[in-house]
Amino acid sequence: MDTAEGASHERYQRLVSYAKSLPPVPTVVVHPCDKTSMGAAFEAFRLGLITPILVGPPARVQEAARAAGVDISGLELVESAHSHDSAAKAVDLIRQGKAEALMKGSLHTDELMGAVVARETGIRTARRISHCFVMDVPGQDEPLIITDAAVNISPSLEDKVDIVQNAIDLAHAIRLPEVRVAILSATETVNPKVPSTVEAAALCKMADRGQITGAILDGPLALDNAISEEAAAIKHIVSPVAGRANVLVVPDLEAGNMLAKSLTFLAGADAAGIVLGARVPIILTSRADSVITRLASCAVASLVADARRRKASAAIA
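Let us look at the structure shown here. This structure is a prediction, so every number in the text was calculated from the model and none was measured.

As for the nonpolar core
For step 1, the next point in the chain: I145 and L170 are the most contacted members of the largest nonpolar core, which totals 59 residues.
For step 2, the next point in the chain: Here this core gets 9 residues from one element, more than from any other, and that element is helix α11 (residues 291-316).
For step 3, the next point in the chain: In this structure, I145 is in contact with C132, F133, V134, A167, L170, A171, I174, L176, N246, V247 and L248, ignoring residues within four places of it in sequence.

Here it is as structure tokens:
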């Protein structure tokens, strides 16, 4: 392992360590019918991050366990007929209060999210559902949150209010001491011909008025002056966020997807994915994810679930 990789994994290891200090989160694992998804869920269970409830066709789940070399005889298994049925039954378990997180198995993301957002039987809330990558980028001192690179294709200003708030809540859950949000565009000046710059300015004013809370916002900012203090200084941008952002809000899914994948494949970053805004956090992993990235995704969900428990307890008190 080279120095950059070791340093990168240290940040994810920190998240896993935080989560291991908490009780395991009851987690519905949806259709874990291949070696990779089963192995990831079982390793998170072994480390005490989650208490899995497996949902899938029993024969296929057992075959996946054999392929992964794990013994699931002590785990709860809820029978389903196929992947769509797995998604529906998993969401129903959440509606019944049986678990505090969902974890995607080997089914397609669209199948799972279709059950999550179903009007009558889903687990939507008043908050818009959005996706965050918690990136572990070599050279960065702390995790970098990028949103939304996977769920909202072309979000409106109203959508972006929830997207930003979801990311801020996540940043607090993973224990970032100060949340600094950069609203990204191609330029750091407001240009009516570039709608994302106008929306960025509006989001910052909404934060000033208390419509978005819990963080310092600045925007529009180009990527360079959001994460490089040198670039910000050259452009004479002075703010607590410029050059020091730890949350990057992109204009649309295309920009976010390209940014996250550029960091992964060109800079050697890892990307732990999570969906927020539903009744429970949803762990989205990719088949290409490393073991530590999968565990980090589970750790992030554990920390989000803990933050929600503490918020609910405070509200009752």
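Having seen it, we continue.
Comments concerning the sheet that holds strand β3 (residues 76-79)
For step 1, the next point in the chain: Spatial ordering of the open sheet is given by β3-β2-β1-β4-β11-β10-β5-β6-β9-β7-β8, a layout of 11 strands whose pairing is mixed. At either end of the open sheet lies a strand with only one pairing partner, and these are β3 and β8 (216-221). Each strand axis lies, on average, 25° off the axis of its neighbour in the sheet, ignoring direction.
For step 2, the next point in the chain: Summarising the sheet, strand β1 (residues 25-30) and strand β2 (residues 50-56) pair through 6 bridges and their orientation is parallel. Paired with V28 across the strands is I53, a residue of β2.
For step 3, the next point in the chain: Of the strands in this sheet, β7 (180-184) and β8 are in contact with helix α7 (residues 195-208), which crosses β8 at around 165°.

Concerning helix α3 (residues 58-68)
For step 1, the next point in the chain: Those residues of α3 lying buried are V61, A64 and A65. Seen end-on, α3 carries its buried residues on one side only, within an arc spanning 100°. In α3, those exposed residues whose orientation departs by more than 90 degrees from the buried face are A59 and R66.
For step 2, the next point in the chain: Buried positions along α3 lie against α2 (35-46), β2 and β3.
For step 3, the next point in the chain: Where α3 terminates, the next one or two residues include G69, which has phi positive at roughly 70°.

Quick notes on the packing of helix α4 (residues 83-95) against helix α5 (residues 109-117)
For step 1, the next point in the chain: Contact geometry of α4 with α5 gives a least axis separation of 9 Å together with a crossing angle of 40°. The handedness of the crossing between α4 and α5 is right-handed. Across the interface between the two elements, S83, H84, A87, A88 and V91 from α4 touch E111, L112, A115 and V116 from α5.
For step 2, the next point in the chain: Of the residues assigned to the contact of α4 with α5, the class counts are 6 nonpolar, 2 polar and 1 charged.

Describing the packing of aromatic side chains
Each pair of aromatic rings is reported with the distance of its centres and the angle of its planes.
For step 1, the next point in the chain: With the rule as written, the count across this model stands at 1 aromatic pair.
For step 2, the next point in the chain: Taking 5.6 Å as the distance between ring centres and 65° as the angle between the ring planes, the aromatic pair formed by F42 and F45 counts as edge-to-face. Of this pair, F42 and F45 both sit in helix α2, 3 residues apart, roughly one helical turn.
For step 3, the next point in the chain: Take F45: its relative accessible area is 32%, and that puts it in the partly exposed class.

What counts as what
Residues numbered from 1 in each chain as written. Predicted model: local features only at pLDDT ≥ 70, side-chain atom pairs only at ≥ 80, totals over all residues. Heavy atoms only, no water. Core = buried A, V, L, I, M, F, W, Y, C linked by side-chain atoms within 4.5 Å. Buried < 20%, exposed > 50% of the residue type's maximum accessible area, 1.4 Å probe, protein only. Helix = DSSP H or I, 4+ residues; strand = E, 2+ residues; numbered from the N terminus. Contact = heavy atoms within 4.5 Å. Pairing = 2+ DSSP bridges. Axes fitted to C-alpha atoms, helices over the stretch in contact; angles between N-to-C directions. Arc of directions from axis to C-beta. Left-handed = near helix turned anticlockwise from the far one by under 90°. Nonpolar A, V, L, I, M, F, W, Y, C, P; charged D, E, K, R; others polar. Phe/Tyr/Trp six-rings, centres within 6.5 Å; stacked < 30°, edge-to-face > 60°.

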